[in-house]
Amino acid sequence: MSNEAVIQHGTVSHEVHEHHEGHHHETFISKYVFSQDHKMIAKQFLITGMVWAVIGGLMSVLFRIQLGYPDAHLPWLEDIFGHWAKDGKIQPEFYYALGTMHGTILVFFVLTAGLSGTFANLLIPFQVGARDMASPFMNMLSYWFFVLASIVMLASLFIQTGPASGGWTVYPPLSALGDASQGSKLGMDLWLISMALFVVSQLLGGLNYVSTILNMRTKGMTMTRLPLTVWAILFTAILGILSFPVLFSGFILLLFDRHLGTSFYLSDIVLSGKILPNEGGSPILYQHLFWFLGHPEVYIIILPTMGLVSEVMSINARKPIFGYMAMIASMFAIALLAFLVWAHHMFVTGMNPFLGSVFVLLTLLIAVPSAIKVFNWLTTLWKGNIRFNPGMLFCIGFVSMFISGGLTGIFLGNSTLDIHLHDTYFVIAHFHIVMGVSAFMGMFAGIYHWFPKMYGRYMNNTLGYIHFWVTLVCAYVIFWPMHYEGFAGMPRRYYDYSNWESFKQFVELNKVISFAAILSFLVQLMFIFNFIYSIFKGRRVTSKNPWGATTLEWTTPIRPGHGNWPGEIPEVHRWAYDYGKDGMDFIDQTTPVGKDESKH
Amino acid sequence: MTMQRKKIHPYKFSLWLGLAGIIMMFAGLTSAYIVKRSQPGWQSFTLPTIFIYSTLVILVSSVTVQVALKAFRERLMSKYRLFFAITAALGLIFISMQIIGFYQFQASGKKMIGLGSNPAYSFVLAIAGLHIVHILGGLIALAIVFFKAFGRKTRNYDVVPVELIATYWHFVDILWVYLFVFFSLLH
């Protein structure tokens with residue numbers, strides 16, 4: 001029997017057969033818990049990510065209370081957190097744990113798993129025209145490894161010595177020596193275990209995303225007919241597959257140092273007046289391994305949102321995306337450069353200045369593809385017939401944030417300026433704007449836009465507008481002033497700045513920032529209320545294609561079943577951006593090209 | 001519905017991607033090793049002889065898994081089972097020899113762990129140890145497919161899982177040969 005013939009009777013077509021006949025009996029467990037349906041897994045990722053976002057956001061509110069009001073005593077804090085907030089004041093150990101966990105949770109659990117997990121799962125099969133992922137089982141495993149990682153990380157918040165508190169990058173020697181701090185004890189081990197599980201989840205997901213995109217496209221869906229969302233997710237997944245394992249290897253060596261008495265990262269250390277026997281190691285080695293993932297990681301966060309924004313913007317401007325091929329090429333360039341710039345996080349580690357200059361050049365080069373993308377978004381909006389719905393507003397907000405944050409990247413990418421700016425509030429402002437707030441804006445755009453596909457209902461628009469404007473204004477009020485604090489040399493991660501003469505000028509400013517942080521957190525709770533309320537009570541979607549979009553997900557029924565299309569998978573005849581062509585509002589991808597149709 | 005099957009099977013494609021990830025992990029570790037080697041405090045070493053024999057064992061197992069795959073394709077099921085079992089046995093022997101090798105290495109005064117260990121030796125344990133974990137993963141996959149071949153009431157002639165395992169097995173074989181040469185040259 002030939003290979004080809006065997007596979008036709010193999011698992012893949014067998015599953016398809018099941019969807020086809022509809023005798024695929026689903027129990028509550030198989031439908032809502034251990035689901036292998038990409039749409040359900042997407043919702044699971046989204047909701048788990050939202051839970052984490054609330055936890056991580058709440059942490060930032062708590063440490064902003066400390067930063068804005070270092071002298072305040074709030075008895076209710078002690079009621080909730082006990083000795084961690086003795087006398088109603090957040091204790092230093094608690095403060096460091098909050099900062100560390102805020103970073104870990106937001107970077108990995110929300111903006112990596114919550115974002116890619118949601119939109120890769122939801123959109124890949126829909127938009128390439130597949131009934132499900134290449135391996136639905138692996139896809140389910142990916143989610144459940146994420147849940148396991150979440151449980152371990154959550155557990156670490158409740159142990160006696162508290163969670164990891166050495167910063168989200170967990171640099172040794174602090175992270176390698178259990179006696180170095182409270183957070184370096186069991187909390188650090190749980191952090192590493194959780195992250196190992198998380199890496200497994202990301203790899204299982206990533207393998208599936210890439211092989212589905214490259215192997216499961218429907219008839220006619222050539223690579224250059226794919227929507228930019230799918231391209232963005234493809235690059236994201238490749239980045240993840242190639243960079244997470246390196247992080248993993250860094251963690252393995254860290255675990256060896258912690259528990260087997262090795263000295264990969266340790267040398268010449270004095271701890272509490274005692275000289276440690278470790279010799280021959282180098283903590284800088286960890287930084288190299290960490291940032292080899294750490295830098296691609298920021299693109300793992302931002303690339304999917306670039307895809308989402310391109311798609312939602314084009315639909316709501318009723319115009320084709322400007323420079324489709326340039327968009328792909330610039331994403332490719334960003335993905336490639338992502339691997340070549342990691343040492344710009346390490347300019348002040350005593351690196352050879354010549355090597356530093358190479359990394360400066362490569363880092364500044366990223367400005368080119370980024371600028372191409374910004375130019376293309378702006379030209380997509382140019383003379384568009386714009387529908388200012390919440391999804392579109394968040395797209396425009398994304399571009400605004402991406403420009404603001406991208407420009408400060410040019411400052412930090414310069415090794416000489418970085419000597420002054422390194423580890424100051426300028427860095428905090430830069431990365432929060434360019435990958436934190438931007439990524440959230442892109443994600444919100446995606447949620448508002450695809451909510452009707454996920455739940456068959458719309459989210460409330462009024463609440464959406466409030467959500468957008470408050471978020472946008474608060475984001476700038478929080479992060480813009482931090483640039484000035486950074487210029488003035490205010491270092492990040494300090495517990496209390498009020499005793500420094502040079503930072504006293506910022507006392508009132510820090511209060512404003514904290515106030516805006518709390519307000520923006522509250523408005524996110526309103527968004528979650530809108531989300532949950534709309535699942536059950538939102539206005540119903542009455543047509544298959546409510547936004548007038550061209551892509552394949554809008555050819556499925558309003559509430560698609562397992563397998564997505566009730567009949568055959570539609571064939572694709574054109575690219576995904578035929579808006580406003582030949583006097584037509586839009587022409588969807590399944591419409592054959594007419595004889596006298598103009599070329600795009 | 002017939003799937004478009006001119007292209008590579010998605011599972012095989014996923015496997016190749018996964019292998020790329022594993023390569024990156026070992027590339028990360030071996031580049032860390034190279035960087036560390038150029039810094040002061042490095043102590044050079046030679047691996048115990050048993051690692052040469054374990055290398056031969058894993059090389060032979062690659063041949064046996066290939067014979068098993070060929071037998072499966074020709075539906076010579078008893079031959080397939082025999083060579084699959086031999087492969088698994090060779091895998092176990094390889095792991096045992098590696099572990100013995102670690103003990104000999106540590107016993108010869110080259111401490112890999114604990115007080116007075118040197119990162120040079122620790123790297124051997126970390127990298128070769130991680131490789132063993134990958135062999136173990138291969139053995140588990142081998143066992144699952146092997147027992148499925150016995151357990152089914154109806155014969156399962158799907159060649160894909162067997163091909164996946166063979167590819168993976170060759171990969172971990174080549175990976176070890178690379179690591180062995182790496183440790184031998186850059187000691």
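Right above here is the structure, for reference.
All values derive from a computational prediction rather than experimental measurement.

Caption draft 1: Structural context of the overall build of chain B. In terms of regular secondary structure, chain B is built from five helices and zero strands. Scanning chain B from its N terminus toward the C terminus, one meets helices and strands in the order α-α-α-α-α. In chain B, 82% of the contacts between residues at least 6 apart in sequence involve partners at least 24 apart. Accessible area of chain B: about 8,600 Å², with a carbon and sulfur share of 71%. In chain B, 17 positive and 4 negative side-chain charges are present, and the distance between their average locations comes to 7 Å.

Caption draft 2: Geometry of the overall build of chain A. Each helix and strand in chain A was counted, giving 18 helices and two strands. In terms of overall dimensions, chain A is globule-like: its C-alpha atoms have a radius of gyration of 25 Å, near the 25 Å expected for 600 residues. When the backbone C-alpha atoms are referred to their principal axes, chain A occupies close to 80 × 60 × 55 Å. Looking at the 600 residues of chain A, the share that counts as buried comes to 61%. When contacts within chain A are restricted to residue pairs at least 6 apart in sequence, long-range pairs at least 24 apart make up 78% of them. In the form shown here, chain A has an accessible surface area of approximately 22,900 Å², with 68% of it arising from carbon and sulfur atoms. Charged side chains of chain A number 33 positive and 34 negative; the gap between the two group centres comes to 9 Å.

Caption draft 3: Structural view of the interface of chain A and chain B. In this complex, chain A contributes 45 residues to the contact, which on the side of chain B involves 40 residues. In total, about 3,600 Å² of surface goes out of reach between chain A and chain B, with carbon and sulfur atoms giving 71% of it. Here chain A and chain B share zero salt bridges between them. Where chain A touches chain B, the interface holds four residue pairs in polar contact (both at pLDDT 80 or more). At the level of secondary structure, the elements contributing two or more residues to the side of chain A that touches chain B comprise α1 (3-8), α2 (11-21), α8 (186-215), α9 (228-259) and α10 (283-317) of chain A. At nine residues, α9 of chain A tops the list of elements feeding residues into the side of chain A that touches chain B.

Caption draft 4: Local environment of the pattern of salt bridges. Residues and elements named next belong to chain A. Going through the model one piece at a time under the given rule, you end up with 13 salt bridges over all chains. Asp585 serves as the salt-bridge partner of Arg318, at 3.0 Å between the closest nitrogen and oxygen. Placement of Arg318 in the loop between α10 and α11 (324-338) and of Asp585 in the segment after α18 (507-537) is noted, with a sequence separation of 267 residues between them. We classify Asp585 as partly exposed; its relative accessible area is 44%. A salt bridge links Glu597 to Lys581; its shortest N-O distance comes to 2.6 Å. Placement of Glu597 in the segment after α18 and of Lys581 in the segment after α18 is noted, with a sequence separation of 16 residues between them. Taken as a pair, Glu597 and Lys581 share a single burial class, namely buried. Within this structure, Arg574, Asp578, Lys581 and Glu597 form a network of salt bridges that share partners.

Caption draft 5: Representation of helix α2 (residues 50-73) of chain B. Taking 1.5 Å of rise per residue, 24 residues should cover 34 Å, and α2 of chain B covers 35 Å from first to last C-alpha, within 8% of that figure. Backbone geometry just downstream of α2 of chain B places Arg75 of chain B in the positive-phi region, at approximately 60 degrees.

Caption draft 6: Seen up close, α10 of chain A. Residue and element names in this part refer to chain A. End to end, α10 covers 50 Å across 35 residues, agreeing with the expected 51 Å (1.5 Å per residue, within 8%). α10 sits mainly inside the fold: 32 of its 35 residues count as buried. Arg318 occupies a position one or two residues after α10 and carries a positive phi of about 50 degrees.

Caption draft 7: Spotlight on the nonpolar core. By size, the foremost hydrophobic cluster in this structure holds 260 residues, and its most contacted members are Phe109, Trp191 and Trp377 of chain A together with Phe45 and Phe84 of chain B. Non-local contacts of Trp191 of chain A, meaning those with residues more than four positions away in its chain, are made with Met101, Thr104, Met153, Ala164, Trp168, Val170 and Phe251 of chain A.

Caption draft 8: Examining the packing of aromatic side chains more closely. All names here are of chain A. Applying the stated criterion across every chain, the model contains 78 aromatic pairs over all chains. Centre to centre, the rings of Phe394 and Tyr448 are 5.6 Å apart; their planes meet at 15 degrees, and the pair counts as stacked. Highlighted residues: Phe394 in helix α14 (residues 390-412) and Tyr448 in helix α16 (residues 425-455), separated in sequence by 54 residues. Of the two residues, Phe394 and Tyr448, neither departs from the other in class, the shared state being buried. Directly above the aromatic system of Tyr455 lies the positively charged group of Lys43, at a separation of 4.8 Å from the ring centroid. When the ring centre of Tyr458 is taken as origin, the NZ or CZ atom of Arg539, which lies over that ring, is 4.2 Å away.

Caption draft 9: Structural context of unusual backbone geometry. Residues and elements named next belong to chain A. The omega angle of the peptide bond from Pro172 to Pro173 is 5 degrees, so this bond is cis rather than trans. The topology assignment puts Pro173 in the loop between α7 (136-156) and α8. If you check the backbone angles, Arg318 has positive phi at about 50 degrees while not being a glycine. We note that Arg493 has phi near 70 degrees; this positive angle belongs to a residue other than glycine. Here Arg493 lies in the loop between α17 (461-487) and α18. By relative accessible area, Arg493 is classed as partly exposed at 32%.

Cut-offs applied
- Residues numbered from 1 in each chain as written.
- Chains lettered and ligands numbered in written order.
- Predicted model: local features only at pLDDT ≥ 70, side-chain atom pairs only at ≥ 80, totals over all residues.
- Heavy atoms only, no water.
- Helix = DSSP H or I, 4+ residues; strand = E, 2+ residues; numbered from the N terminus.
- Contact = heavy atoms within 4.5 Å.
- Areas by Shrake-Rupley, 256 points an atom, 1.4 Å probe, with all protein chains shown as cover.
- Lys, Arg positive; Asp, Glu negative; His and termini not counted.
- Charge placed at Lys NZ, Arg CZ, Asp CG, Glu CD.
- Rg over C-alpha atoms; globule rule 2.2 N^0.38 Å.
- Buried < 20%, exposed > 50% of the residue type's maximum accessible area, 1.4 Å probe, protein only.
- Buried area = accessible area lost by both parts, 1.4 Å probe.
- Salt bridge = Lys/Arg side-chain N within 4 Å of Asp/Glu carboxyl O.
- Polar contact = N/O pair within 3.5 Å; in protein donor to acceptor, adjacent residues only side chain to side chain.
- Expected span 1.5 Å × (residues − 1).
- Core = buried A, V, L, I, M, F, W, Y, C linked by side-chain atoms within 4.5 Å.
- Phe/Tyr/Trp six-rings, centres within 6.5 Å; stacked < 30°, edge-to-face > 60°.
- Lys NZ or Arg CZ within 6 Å of the ring centre and 35° of its normal.

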